[in-house]
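# A look at the structure
As a plain string of letters, each chain reads:
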Amino acid sequence: MTVRDDRRPTSSGQGASKRHVHTTLVIGAGFIGLGTAIKLREAGIEDLVILERADRVGGTWRDATYPGAACDIPSQLYSFSFAKNPGWSRAYSPSAEILAHIEELAERFDLVKDIRFNTAVTKLAFDKRAAHWEVTAGRKKFYARTVVVASGPLSDASLPNIAGLEDFEGKKVLSARWDNDYDFTGKNVAVIGTGASAVQIIPELVKVAGSVKVFQRTPGWVMPRVDVETPDAVKQVFEKLPVVQQAARSALFFAHEAAATGLVWNTPITTLIQQAGKLHIRMTVKDKWLRRQLTPDFRAGCKRMLMSSDYYPALQADNCKLITWPIAKITPAGLQTCDALQHEVDAIVFATGYDVHLEGPPYPITGLDGQSLQEEWSGHPEAYKSASAHGYPNLFFTCGPNSGPGHNSLLVYAQGQIEYAVSGIRAIVEQDLRWIDVKKDVQDDYNVSMQKRLRSTTWMSGCSSWYLTKDGYNASMYPGFATQYLRQMQDFQIRDYEVSSNAAQRLWNIPRDLTAV
Amino acid sequence: MATKNSMDMDEMLAKVKGRQWALADIDWDAPGVETISEEFRPKLKAFMADLCWIENVGARGFAAMAKKAPTPTIAEIYRYFHAEEQRHANAELALLKRWGMLEDGEIPEPNVNIRMAIEWLDTYADDMPLSVLGTVIPMLEVALDGALLKFLLEEVHDPVCHQVFEKINNDESRHIAVDFEVLDMIGHATARKLAIDFVSNVATPALIIGALMYLPLLNRIRNNIVEMGLEPEKLYRAMERFEKLGNRGEFTHRVPLFQVIRQHAKMVVNPKHPYHLLANSMVTLSEYYPKALFRPIPTWFKELTYEPVTRSVKKGMNAA
């Protein structure tokens, strides 16, 4: 594999004298970063650089190595339509296979040469005079006319804030940063959290650990996941007849689109989905009280849907127990719950999810007039079509504000974002523009409509989730079908942007910062 | 809410979170066991067993209320109160164990009226509106806190018992404060809603069965403690407190069920009231209730334990 960094990172244009300004700089060499690079190349943008903080590609899927880690969207939908994988081994791919696919993409499209590994972005600032972005990564500096933020929504994770956390003398394991050297065999383990990672980890832990105590705060809706192997014959057909694979993909896509009528909007279909969830509990959980403990009291879709057929059986295994008492604190030997009991364990698994950066990427970004994106986005992040933010020209977000799917594959949405960014970058390059900056009123109108449309969604039906900011504002999810989202992303309109052009500047020979029209 | 001194529920939740304690905080082997006289032991065991199960029943009540809470903060407070009632039951079991009244792994048998209460709770509690649960639970808590616990502390001189009940009392005072605040919120609803809520629920089989379960349970406990030497005045004062705390709220008096329970409490505490003829015959009758008709004891009822610390997973009786 050459998808790892074998070279010393070259400092592209250190020092003002030999400053090289790339056409595009992409932040992150995960699924979306690489997808962006592929499409940029296809559009003829060759001078690009990808900054990656780790020493290999893969992003979230490189980091998600916990036992049972897998995608909860069918494999066929979990790839870009322009770079499909006919060889998925199962209906839902395990994380290692997704990582292998991402690595294969990097090789197939010869992207590694453009990746600067071990390069974590620390600052992004727009240089108005020079009309380019200055990207700081520690002591290194990079320059680019355009930047695509592809650092992903789920790239950071940290231990939760629970009293006594520091005192625990056993092993602490974070689901998103799994320690594969720690052997759970025969150990007494506590798992905190019952979200998307937990429902995958728990069935695997129950197989090897001595005991597993699962500490739950709020149960989620769990739907059965029929995870079957893909027969070799099917793989061969997909390989030889891509059109068949595309048909399978389309069928799955539209099946998920149909689910939006219940998962995105709060409707009678939502109630039907809940009935299916309850039926799943009824059929797989014997004990009435356990069923009550596992039955959510929020609308299906309001929090992320969980997909698992082995979670409920695992909870009922002889060595596993669900505990719903609140955790009072963590003690040196384990945990104390509010029913006054102490649970001594060898290890605590924190399946407490990711640090979702609703307030913008975790590095400072300063815009056209030195304003700070983090400040502007603290509380209520806003962008236009989730991709552009007024005051931050030539900067394209992926997984930006109000871009999250609640019912379909994230990659389908990401593909739309990539297309949008590529259209914008092409416009800048082909029309020789200094910058394009989305108009304030266009962005405002878009967000008013977003918030209006969000009102009737399940996400706003009263539960608290990581989709919402502290004051209950939804800046993360897109209120619509994937089809609608893709249509808006395929429709890049330069008239939505204020444009500063090189031609105008040359023609009138006016100072550079007055060229915005 | 427009009450005069409306409580800051976020502050209350923070306080609740900050005042957690564990069985392991108490030295269960400290001296003091000898203070319990031989002749008092069987009565005390029966009393503590009832107390412990009533706490557990109360815990289940809070679990049901958490689903009906008017705000997410109050729901979270109820989630804690649910656990705290369980904690009290666990602590009371640990006292029984300390006094040598339980064999290893033994859990006292719930009496028939407790069994009925469990069955009712398990079947109907989650469907009861907040106005019903929110009125009955404060009544139980005031009775527990005001009469039973005080009586116990007068009769039992074991310092560990006092230490435990000081903690329990502190918890209960927060429970009662929130209970009556919520009762007041319930009373703040329109008269029309209160009337509809009341009429539509009084007529339900669930509430009628609930009353049939509640009356003998209360009388059995009352009889037991009177037999043990509790002066009925104490119980009377506790019931008065229910009324007093209720009247302190601006809107509580508007809750019809509050008025019903208040009137009922007056009958319960008056030993000469003809009501006891009815209630006591219900106690006697319930003794003849065929045990075979009980459904299996729900698993939430089996979660009690006197063991402060657990390592691996144990299921069923005495589990943690």
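No experiment lies behind these values; they were computed from the predicted model shown.

This part takes up the overall build of chain A. Counting its regular elements, chain A contains 14 helices and 20 strands. The proportion of buried residues among the 517 residues of chain A is 50%.

A few words on the overall build of chain B. If you tally the helices and strands in chain B, you get 11 helices and 1 strand. Element order for chain B, N to C, with α for helix and β for strand: α-α-α-α-α-α-α-α-α-α-α-β. For 320 residues, the compact-globule formula gives about 20 Å, and the C-alpha radius of gyration of chain B, at 19 Å, lands near that figure. In terms of overall dimensions, chain B has a C-alpha envelope of 55 × 45 × 40 Å along the principal axes. Per-residue burial over chain B gives 44% buried out of 320 residues.

A separate point is the sheet that holds strand E15 (residues 342–344) of chain A. Ordered by their spatial adjacency, 4 strands build an open sheet running E13(A)-E14(A)-E15(A)-E1(B), and the pairing between neighbours is mixed. In the strand order of this sheet, the two ends are held by strand E13 (327–331) of chain A together with strand E1 (309–310) of chain B, each with one partner. Sheet analysis places strand E14 (residues 334–337) of chain A next to E15 of chain A, joined by 3 bridges and oriented antiparallel. Of the residues in E15 of chain A, the one forming a bridge with glutamine 336 of chain A is glutamine 342 of chain A.

Okay, unusual backbone geometry next. Residues and elements named next belong to chain A. Here serine 386, not a glycine, exhibits a phi torsion of approximately 65°, which is positive. Positionally, serine 386 belongs in the loop between helix H10 (373–377) and strand E18 (395–397). Residue class for serine 386 comes out buried when judged on the 29 C-beta atoms lying within 10 Å of it. Even without being a glycine, asparagine 402 presents a positive backbone phi close to 50°. Residue position: asparagine 402 is located in the loop between E18 and helix H11 (410–430). What makes asparagine 402 buried here is the crowd of 23 C-beta atoms within 10 Å.

Glancing now at the pairing of strand E16 (residues 347–350) of chain A. All names here are of chain A. The alternating pattern of E16 places Ala347 and Val349 on one face and Ile348 and Phe350 on the opposite face, and all of these are buried. Pairing of strand E7 (residues 171–174) with E16 involves 4 bridges; the strand directions are parallel. Its bridge partner being in E16, lysine 172 is matched across the sheet by isoleucine 348.

Moving on, we come to the environment of tyrosine 288 of chain B. Residues and elements named next belong to chain B. Here tyrosine 288 lies in the loop between helix H11 (275–287) and E1. Take tyrosine 288: there are 7 C-beta atoms within 10 Å of it, and that puts it in the exposed class. Between the C-alpha atom of tyrosine 288 and that of valine 112, which follows or precedes it by 176 residues, the distance is 9.3 Å.

With that settled, consider the interface of chain B and chain A. Every contact between the two is made by 27 residues of chain B and, on the other side, 26 residues of chain A. Tallying contributions element by element places helix H3 (residues 72–98) of chain B first for the side of chain B that touches chain A, with 9 residues. When grouped by side-chain class, the residues that make up the side of chain B that touches chain A number 14 nonpolar, 7 polar and 6 charged. Here 2 bridges tie E15 of chain A to E1 of chain B, and the two strands are oriented parallel to one another. When the sheet's bridge partners are listed, histidine 343 of chain A is paired in E1 of chain B with threonine 310 of chain B.

Before going further, it helps to examine the sheet that holds strand E8 (residues 188–192) of chain A. Residues and elements named next belong to chain A. Spatially, the 5 strands line up as an open sheet ordered E7-E16-E8-E9-E12, and their pairing is parallel. The outermost strands of the open sheet, each flanked by one partner alone, are E7 and strand E12 (320–323). Along the sheet, successive strands turn relative to each other by an average axial angle of 20°, direction set aside. Both strand E9 (residues 211–215) and E12 contribute to a ladder of 4 bridges, which runs parallel. Note that in E12 the partner of valine 214 across the bridge is leucine 322. Those strands touched by helix H4 (residues 198–208) are E8, E9, E12 and E16, and its axis lies near 170° from that of E8.

Residue and element names in this part refer to chain A. For helix H3 (residues 95–108), spanning 14 residues, the distance from its first C-alpha to its last is 20 Å, which sits close to the expected 20 Å at 1.5 Å a residue. Every buried residue of H3 is listed here: Ser95, Glu97, Ile98, Leu99, His101, Ile102, Glu103, Leu105 and Ala106. Structurally, H3 contributes buried residues whose contacts are with helix H1 (31–42) and helix H2 (60–63). Phi for aspartate 110, located one or two positions after H3, is positive at around 50°.

What follows deals with the packing of helix H1 (residues 9–18) of chain B against H3 of chain B. Residue and element names in this part refer to chain B. With their axes 9 Å apart at the nearest point, H1 and H3 run at an angle of 25° to one another. In this view, H1 runs roughly parallel relative to H3, as classed from their interaxial angle. For H1 against H3, the interelement crossing comes out left-handed. Across the interface between the two elements, Met9, Asp10, Met12, Leu13 and Val16 of H1 pack against Thr73, Ile74, Glu76, Ile77 and Tyr80 of H3. Taken together, the residues of the contact of H1 with H3 break down into 7 nonpolar, 1 polar and 2 charged.

Glancing now at the confidence of the model for chain B. All names here are of chain B. Across chain B, the average pLDDT comes to 83, with 94% of residues at or above 70. No element of chain B has a lower mean pLDDT than helix H7 (residues 191–202), at 71, and none a higher one than H1, at 95. As a predicted assembly, this complex carries a pTM of 0.90 together with an ipTM value of 0.88.

Next up on the list: the packing of helix H4 (residues 112–124) of chain B against helix H8 (residues 205–227) of chain B. Residue and element names in this part refer to chain B. Axis separation between H4 and H8 bottoms out at 9 Å; the angle between their running directions is 155°. Classified by the angle between their axes, H4 and H8 sit roughly antiparallel to one another. The interaxial crossing formed by H4 with H8 has left-handed handedness. Contacts from Asn113, Ile114, Met116, Ala117, Trp120 and Tyr124 of H4 reach H8 at Ala206, Ile209, Gly210, Met213, Pro216, Leu217 and Arg220. Classifying every residue of the contact of H4 with H8 gives 10 nonpolar, 2 polar and 1 charged.

When pLDDT is averaged along chain A, the result is 92, and 94% of the positions lie at 70 or above. Here residues 6–16 of chain A is a poorly scored stretch, pLDDT under 50, and it has 15 contacts once near neighbours within four places are set aside; other chains count.

As a further point, take the environment of threonine 136 of chain A. All names here are of chain A. In this fold, threonine 136 is placed in strand E5 (residues 132–137). Through-space distance from the C-alpha of threonine 136 to that of leucine 433 is 24 Å; in sequence the pair is 297 residues apart. Dropping the residues within four chain positions of it, threonine 136 is found in contact with Thr122, Lys123 and Lys141.

Cut-off values and rules
Residues numbered from 1 in each chain as written. Chains lettered and ligands numbered in written order. Predicted model: local features only at pLDDT ≥ 70, side-chain atom pairs only at ≥ 80, totals over all residues. Helix = DSSP H or I, 4+ residues; strand = E, 2+ residues; numbered from the N terminus. Buried ≥ 20, exposed ≤ 12 C-beta atoms within 10 Å, placed from the backbone. Rg over C-alpha atoms; globule rule 2.2 N^0.38 Å. Pairing = 2+ DSSP bridges. Contact = placed C-beta atoms within 7 Å. Nonpolar A, V, L, I, M, F, W, Y, C, P; charged D, E, K, R; others polar. Axes fitted to C-alpha atoms, helices over the stretch in contact; angles between N-to-C directions. Expected span 1.5 Å × (residues − 1). Parallel < 35°, antiparallel > 145°, perpendicular 65-115°, else oblique. Left-handed = near helix turned anticlockwise from the far one by under 90°. pLDDT = per-residue confidence, 0-100.

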